[in-house]
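# Structural description and commentary
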Amino acid sequence: MVGKPLPLLAAAAVVSMITAGCGRAVMVTPPEVSDAVGAQCERASALLPGSLAAEARISTMPDPTLTAAWGAPAIVWRCGVAAPQSYNRTSQLVTVDGVEWYPEQLSAGTRFTAVAAEPMTELTVPARYANAAGVLAELQSAIAGPDGAAAPQ
């Protein structure tokens, strides 16, 4: 997996809203990935829900196969990320529907990284969304795959 984890404080700056004449899109910095990981992320992206936390999916730029977003402030998904610098094998994880997530508190919400998924994905959930575990459950099929089994470590 190629890519560098973003510092915690910079993670909040990963997302910025832009407004276009016919709609809006979210600028999301995609991780650097190999072609093989990019193909896996493209398959996962196709499984993402059209709505998340009762928010409609919105366009992301520049790479919608590695990123996705819903609502405002945006819940942001990135695929092919590296493990967070603060993560280690003894870190406390949150397990939702068989997917293990490593939570990191940010100033404006929580970033969850699916550390046992291949490829690793992250979901940044702004503080406005009170039920972060519910949001994670809505992503289960995209993270675990169409058969519902979590990807092997």
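For the structure itself, consult the block above.
Residues numbered from 1 in each chain as written. Predicted model: local features only at pLDDT ≥ 70, side-chain atom pairs only at ≥ 80, totals over all residues. Heavy atoms only, no water.

## Topic: the overall build of the protein
- Assigned secondary structure in the protein consists of 4 helices and 10 strands.
- Starting at the N terminus and ending at the C terminus, the protein contains elements arranged as α-β-β-α-β-β-β-β-β-β-β-β-α-α.
- For the protein, the proportion of its 153 residues judged to be buried stands at 43%.
- For the protein, the accessible surface area stands at approximately 7700 Å², while carbon and sulfur atoms represent 55% of it. (Helix = DSSP H or I, 4+ residues; strand = E, 2+ residues; numbered from the N terminus. Buried < 20%, exposed > 50% of the residue type's maximum accessible area, 1.4 Å probe, protein only. Areas by Shrake-Rupley, 256 points an atom, 1.4 Å probe, with all protein chains shown as cover.)

## Digging into the pairing of strand 10 (residues 121–126)
- Counting buried residues along strand 10, 6 of its 6 residues qualify, which places the element largely inside the surrounding structure.
- Here strand 10 shows two buried faces, one formed by Thr 121, Leu 123 and Val 125 and the other by Glu 122, Thr 124 and Pro 126.
- The pairing of strand 9 (residues 109–114) with strand 10 spans 6 bridges and is classified as antiparallel. Counterpart to Thr 113 in the pairing with strand 10 is Glu 122.
- Here strand 9 hands over to strand 10 after 6 residues, the two strands then running antiparallel side by side. (Pairing = 2+ DSSP bridges.)

## Considering the environment of Ala 68
- Relative to the helices and strands, Ala 68 is located in strand 5 (residues 67–70).
- According to the relative accessible area criterion, Ala 68 is buried, its value standing at 0%.
- Spatially, the C-alpha atom of Ala 68 lies 8.2 Å from that of Val 28, the residues being 40 residues apart in sequence.
- For Ala 68, the contacting residues outside a window of four places in its chain are Leu 48, Arg 57, Thr 60, Ile 75, Val 76 and Trp 77. (Contact = heavy atoms within 4.5 Å.)

## Considering the side chain of Thr 110
- Along the polypeptide, Thr 110 turns up in strand 9.
- Within the local environment of Thr 110, its side chain forms a polar contact with the side chain of Gln 105, the two groups lying 3.1 Å apart.
- In contact with Thr 110, not counting residues within four places along its chain, are Pro 103, Glu 104, Gln 105, Leu 123, Thr 124 and Val 125. (Polar contact = N/O pair within 3.5 Å; in protein donor to acceptor, adjacent residues only side chain to side chain.)

## Details of the pattern of salt bridges
- Taken as a whole and assessed by the stated rule, the structure comprises 3 salt bridges.
- Put simply, Glu 55 and Arg 128 hold a salt bridge, and the shortest N to O gap is 2.3 Å. Note that Glu 55 is positioned in strand 4 (residues 55–61) and Arg 128 in the loop between strand 10 and helix 3 (132–138), a separation of 73 residues in sequence.
- Overall, Arg 128 belongs to the partly exposed group, its relative accessible area being 47%.
- Among the ionic pairs, Glu 122 bridges to Arg 78, the shortest N-O distance being 2.6 Å. Of the two residues, Glu 122 is situated in strand 10 and Arg 78 in strand 6 (residues 75–79); the sequence distance between them amounts to 44 residues. (Salt bridge = Lys/Arg side-chain N within 4 Å of Asp/Glu carboxyl O.)

## Examining the state of the cysteines
- Going through the model one piece at a time under the given rule, you end up with 1 disulfide.
- The disulfide partner of Cys 41 is Cys 79, and the gap between their sulfur atoms is 2.1 Å. The disulfide joining Cys 41 to Cys 79 has a torsion of about -85° about its S-S bond and is therefore left-handed. Taken together, the residues span a long stretch of sequence, with Cys 41 in helix 2 (residues 35–46) and Cys 79 in strand 6 at a distance of 38 residues. For the pair Cys 41 and Cys 79, a shared accessibility class is recorded, and that class is buried. (Disulfide = S-S within 2.5 Å.)

## Overview of helix 2
- With 12 residues, helix 2 should reach 16 Å at 1.5 Å per residue; the first-to-last C-alpha distance of 17 Å fits that figure.
- When helix 2 is considered as a whole, its buried residues turn out to be Val 37, Gly 38, Cys 41, Ala 44 and Ser 45. Relative to the axis of helix 2, the buried residues are bounded by an arc of 120° and lie together on one face. Exposed residues lying more than 90 degrees from the buried face of helix 2 are Asp 35, Ala 36, Arg 43 and Ala 46.
- Residues of helix 2 that are buried make contact with strand 4, strand 6 and helix 4 (140–144). (Expected span 1.5 Å × (residues − 1). Arc of directions from axis to C-beta.)

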